[in-house]
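# Results of the structural survey
Take a look at the letters that make up each chain.
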Amino acid sequence: MAVNSATTFAIDVEDVEYVRHGNKPLLARLFKPRGAGPFPLIVELHGGAWCRGDRTNDTLLNEPLAKSGVIVAALDFRMPPDAGYPASMADINYAVRWFKTRAVELGGRADMVGALGISSGAHQAMLSAMRPTDPRYSKIPLPAGAAKRAGAAMIDASVRAVVLCWPVIDPLGRYHYARELKAGGKPYPDIVDQVLPCHDQYWRTEAAMAEGNPVLALERGERVEMPPVLYLQGTNDPAHPRPHLDRFVAGYRKAGGQVELELYEDAGQSFITKNPTSPAAVRAMDKIIEFVHRQIR
């Protein structure tokens, strides 16, 4: 389906269970454009330092994206205290595969799937995209016959493109940054006390923060998948240090990947969802919509 940036669709919103652990279901909030499609499908991952938030966090972003002609599946996934790394990665990997098996019935196609994440969710979106067949992440099996019903012999968690909204792209680097600010004494940004406990709860060790780290994976020369990336961040964001951004962009490009970097002057953390009518948020939302329709078609 040909869609331009001015196209607007009515949408339907519903929650679906995509996986269950014991007696606890995990839900995805689906934002579905009305129409014949096929539409791109985006798996969206909320932020919250890996231990807060849920599928309702980013409705102010997901609704306009869906109205542009994109199926958005905003996920719940396991977090502390239920589970730390890599449990959420297994849920995300499974969700990408699960939605691929259902893409046609939702109005999309299995080969038109991407990922979008916010902050720690953006870290997870990038890590999942780089390691779609990692056995730790892909350990949850699809229901018997799911791939065949979708018309494919095998379905993996690879994606066509990734949108990163101010990602915690270097978890170990951010941990050290926050600890150094705290060690220096007050006043320091409130974000320090918000994120340090969550780093500890989700990752447990600095070794895990180094292992599950997109920046360091590139610098180690790890063989990874490299879909096109749109990277958005405000220049006044105390929670996501600029040097980590620069290292990732340089490393991804050096390894042959494509990164479109969009910096928004004086915008702070979460500027799209905190103030969606601001000029920076409007420009960023337009860029996300344009990128998704250009890369996933």
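Anything mentioned here points back to the structure above.
The shown structure was predicted, so the numbers you read here are calculated from the model rather than taken from an experiment.

Here the focus is the overall build of the chain. Along the chain, the regular secondary structure elements total 12 helices and 8 strands. Taking 2.2 N^0.38 as the reference for a compact globule, 297 residues should give roughly 19 Å; the C-alpha atoms of the chain span a radius of gyration of 18 Å, in line with that estimate. When the backbone C-alpha atoms are referred to their principal axes, the chain occupies close to 55 × 45 × 40 Å. Counting all 297 residues of the chain, 58% fall into the buried class. Nonlocal contacts in the chain, meaning residues at least 24 apart in sequence, comprise 77% of its contacts between residues at least 6 apart. Carbon together with sulfur atoms contributes 51% to the accessible area of the chain, which is approximately 12300 Å² in total. Across the chain, the 35 positively charged side chains and the 33 negatively charged ones have centroids separated by 4 Å.

This brings us to the pairing of strand E6 (residues 162-165). Here E6 shows no split at all, with Val-162 and Leu-164 on one side and Val-163 and Cys-165 on the other all buried. Where strand E5 (residues 108-118) lies against E6, 4 bridges are found, and the strand directions are parallel. Along E6, the bridge assignment pairs Ala-115 with Val-162. Two strands pair when backbone bridges link them, and E6 and strand E7 (residues 229-234) are joined in this way by 4 bridges, in the parallel orientation. The partner of Cys-165 across the bridge, within E7, is Leu-232.

For the structure shown, the criterion picks out 12 aromatic pairs. Relative to Tyr-202, the ring of Tyr-85 has its centre 6.1 Å away and its plane inclined at 65°; by these criteria the two rings are edge-to-face. Of the two residues, Tyr-85 is situated in the loop between strand E4 (71-75) and helix H2 (87-101) and Tyr-202 in helix H7 (residues 191-203); the sequence distance between them amounts to 117 residues. The exposure class assigned to Tyr-85 is buried, which follows from its relative accessible area of 9%. On the numbers, 5.2 Å between centres and 40° between planes, the contact of Tyr-264 with Phe-271 is tilted. Each residue in the set Trp-50, Tyr-85, Tyr-137, Tyr-202 and Trp-203 is aromatic and connected to the rest through ring pairs, giving one cluster.

This part covers the pattern of salt bridges. All chains considered together, the criterion is met by 25 salt bridges. Among the ionic pairs, Lys-24 bridges to Asp-82, the shortest N-O distance being 2.3 Å. Residue Lys-24 is located in strand E2 (residues 24-33), and its partner Asp-82 is located in the loop between E4 and H2; the two are separated by 58 residues in the primary sequence. Ionic pairing is found between Glu-206 and Arg-179, a salt bridge with its closest N-O pair at 3.3 Å. With Glu-206 in helix H8 (residues 206-211) and Arg-179 in helix H6 (residues 171-183), the pair connects residues that are 27 residues apart, well separated along the chain. Arg-179 sits in the partly exposed class, given a relative accessible area of 42%. Three or more residues joined by partner-sharing salt bridges are found here, namely Arg-131, Asp-134, Arg-136, Glu-211, Arg-220 and Glu-222.

Applying the stated criterion across every chain yields a total of 1 disulfide. Between Cys-51 and Cys-198 runs a disulfide, and the two sulfur atoms are separated by 1.9 Å. Linking Cys-51 in the loop between strand E3 (39-45) and helix H1 (59-67) with Cys-198 in helix H7, this pair joins segments that are 147 residues apart in sequence. Between Cys-165, a cysteine without a disulfide, and Cys-198, which holds the nearest cysteine sulfur, the sulfur-to-sulfur distance is 20 Å.

Turning to the environment of Tyr-202, a few remarks are in order. The buried category is assigned to Tyr-202, whose relative accessible area is 0%. When the C-alpha atoms of Tyr-202 and Glu-265 are compared, they prove to be 31 Å apart, with 63 residues separating the residues in sequence. Not counting residues within four places of it along the chain, the set of residues in contact with Tyr-202 comprises Trp-50, Pro-80, Gly-84, Tyr-85, Ser-88, Met-89 and Gln-124. Among the polar contacts listed, one links the side chain of Tyr-202 to the side chain of Ser-88, at a separation of 2.7 Å.

About the cut-offs
- Residues numbered from 1 in each chain as written.
- Predicted model: local features only at pLDDT ≥ 70, side-chain atom pairs only at ≥ 80, totals over all residues.
- Heavy atoms only, no water.
- Helix = DSSP H or I, 4+ residues; strand = E, 2+ residues; numbered from the N terminus.
- Rg over C-alpha atoms; globule rule 2.2 N^0.38 Å.
- Buried < 20%, exposed > 50% of the residue type's maximum accessible area, 1.4 Å probe, protein only.
- Contact = heavy atoms within 4.5 Å.
- Areas by Shrake-Rupley, 256 points an atom, 1.4 Å probe, with all protein chains shown as cover.
- Lys, Arg positive; Asp, Glu negative; His and termini not counted.
- Charge placed at Lys NZ, Arg CZ, Asp CG, Glu CD.
- Pairing = 2+ DSSP bridges.
- Phe/Tyr/Trp six-rings, centres within 6.5 Å; stacked < 30°, edge-to-face > 60°.
- Salt bridge = Lys/Arg side-chain N within 4 Å of Asp/Glu carboxyl O.
- Disulfide = S-S within 2.5 Å.
- Polar contact = N/O pair within 3.5 Å; in protein donor to acceptor, adjacent residues only side chain to side chain.

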